[in-house]
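Coordinates in review
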Amino acid sequence: MKVYALVGESGTGKSTSVLHFCDEHNIPAIIDDGILIVNGKKIAGTSAKYENNYIKAVKRATFFYDDHREEVANVVRMTALDKILIVGTSVKMVNLIADKLKLGKIDTYIDVSEIRTSKEINMARYMRNTQGKHVIPIPYMQVEHNRLKKILQKGKKLFSKQAKYIGEETIIQPHFTKGTITINEDVYKEIITHTCKKIKYVKNAKILDYDFTTFQSVTIEIELNCPLEQNIIELLEKVQQKVNEAMFSYFKIEMYAVHIRLAAISPDR
């Protein structure tokens, strides 16, 4: 059996990407957070996300408990798998899981940054930190609802590029999450307009349109008061750059688009 490992810090979106990655590389089985998933369905184990504190969750994810470890190891042996992927937060963690389940040495390590863009990773971190959302890559009906703090929502059915069904996601909030942080959209808008007005020659800035939850985009109307010889394109590009830097600095959000609409120019005398 060939053993793969997908490694990345908590909240970087590993569980969101894993089913698509396995479909593309013909890997039928996944070990993720204490459960064994085969062809998109849980067939053994107990999710670490069901635990009521962080320490127990880590122990569950690394198969510390004898009964849990033996259950999953036995099913892996009986299923006669040719490939399996272990998901973990570090190389040390995935190596420990492989050893505990007697899977042998890991053949290939994949960092989450190889399959997700930095924007996707930062957005996943933002959603985890502000909303406490976690993903279990198994169907909604296979999640033990009574063992969780709250079911946030059904995830989605996932399909390959050839429209073949490959599995489902369920979005949950485990007991061990710290809670949620709510940021009013007016806060984002205030940060953006303040950033624009700090730039030399920007007389006024107004938010026309925005999306801070799905595409991270904003449209800003700008009024300038600048010398006639000023390069306008360079100035507006600077506005885009400063807005991007501010959103990343304050919220770790990499904007997909910062649209600038120039409304007026008055000469600086």
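Residues numbered from 1 in each chain as written. Predicted model: local features only at pLDDT ≥ 70, side-chain atom pairs only at ≥ 80, totals over all residues. Heavy atoms only, no water.

**Observations regarding the packing of helix H6 (residues 185-197) against helix H7 (residues 232-251)**
- Where H6 contacts H7, the two axes come as close as 9 Å, and the packing angle between them is 135°. When the interaxial angle is binned, H6 and H7 end up oblique. Note that H6 runs across H7; the crossing there is right-handed. Taken together, the residues of H7 that come into contact with H6 (itself represented by Val187, Tyr188, Ile191, Ile192, Thr195 and Cys196) are Val239, Lys242, Val243, Ala246, Met247, Tyr250 and Phe251.
- Looking at the contact of H6 with H7, its residues break down into eleven nonpolar, one polar and one charged. (Axes fitted to C-alpha atoms, helices over the stretch in contact; angles between N-to-C directions. Helix = DSSP H or I, 4+ residues; strand = E, 2+ residues; numbered from the N terminus. Parallel < 35°, antiparallel > 145°, perpendicular 65-115°, else oblique. Left-handed = near helix turned anticlockwise from the far one by under 90°. Contact = heavy atoms within 4.5 Å. Nonpolar A, V, L, I, M, F, W, Y, C, P; charged D, E, K, R; others polar.)

**A closer look at the side chain of Ser47**
- Of note, Ser47 is situated in the loop between strand S4 (41-45) and helix H2 (54-61).
- Of the polar contacts made by the side chain of Ser47, one reaches the backbone nitrogen of Lys49; its length is 3.1 Å.
- Not counting the four nearest positions on each side in its chain, Ser47 is found in contact with Asp33, Ile35, Arg60 and Ile136. (Polar contact = N/O pair within 3.5 Å; in protein donor to acceptor, adjacent residues only side chain to side chain.)

**What about the sheet that holds strand S11 (residues 217-226)?**
- Read across the sheet, three strands follow the order S10-S11-S12 without closing on themselves; strand pairing throughout is mixed. The sheet is open, and its two edges are formed by strand S10 (202-211) and strand S12 (257-267), each paired on a single side. Neighbour-to-neighbour, the strand axes of this sheet turn through a mean angle of 15°, independent of strand direction.
- Taken together, the eight bridges between S10 and S11 define a ladder with antiparallel strand orientation. In the strand pairing of S11, Val202 is matched with Leu224.
- In the packing of H6 onto the sheet, contacts are made with S10 and S11, and the angle to S10 comes to roughly 150°. (Pairing = 2+ DSSP bridges.)

**Let's talk about the pairing of strand S1 (residues 2-7)**
- The buried count for S1 comes to five of six residues, which makes it a mostly enclosed element.
- Where S1 lies against strand S5 (residues 83-88), six bridges are found, and the strand directions are parallel. Within S5, the residue paired with Ala5 across the bridge is Ile86.
- Relative to strand S6 (residues 108-111), S1 runs parallel, the two sharing four bridges. The residue of S6 that forms the bridge with Val7 is Asp111. (Buried < 20%, exposed > 50% of the residue type's maximum accessible area, 1.4 Å probe, protein only.)

**Some details on the sheet that holds S6**
- Taken together, the six strands give an open sheet; going across it, the order is S4-S3-S2-S5-S1-S6, and neighbouring strands pair in mixed fashion. Edge positions in the sheet fall to S4 and S6, since each of these pairs with one other strand and no more. Going from strand to strand, the sheet's axes swing by 25° on average, the running direction of each strand aside.

**Some thoughts on the pairing of strand S3 (residues 35-38)**
- A two-sided burial pattern is seen for S3, the buried positions comprising Ile35 and Ile37 on one face and Leu36 and Val38 on the other.
- Direction of pairing for strand S2 (residues 29-32) relative to S3: antiparallel, over a ladder of four bridges. Residue pairing across strands places Ile30 opposite Ile37, the latter belonging to S3.
- Here S2 hands over to S3 after two residues, with Asp33 in that stretch at a positive phi of 55°.
- Here S3 pairs with S4 via four bridges, running antiparallel. Looking at the pairing, Leu36 lines up with Ala44 of S4.

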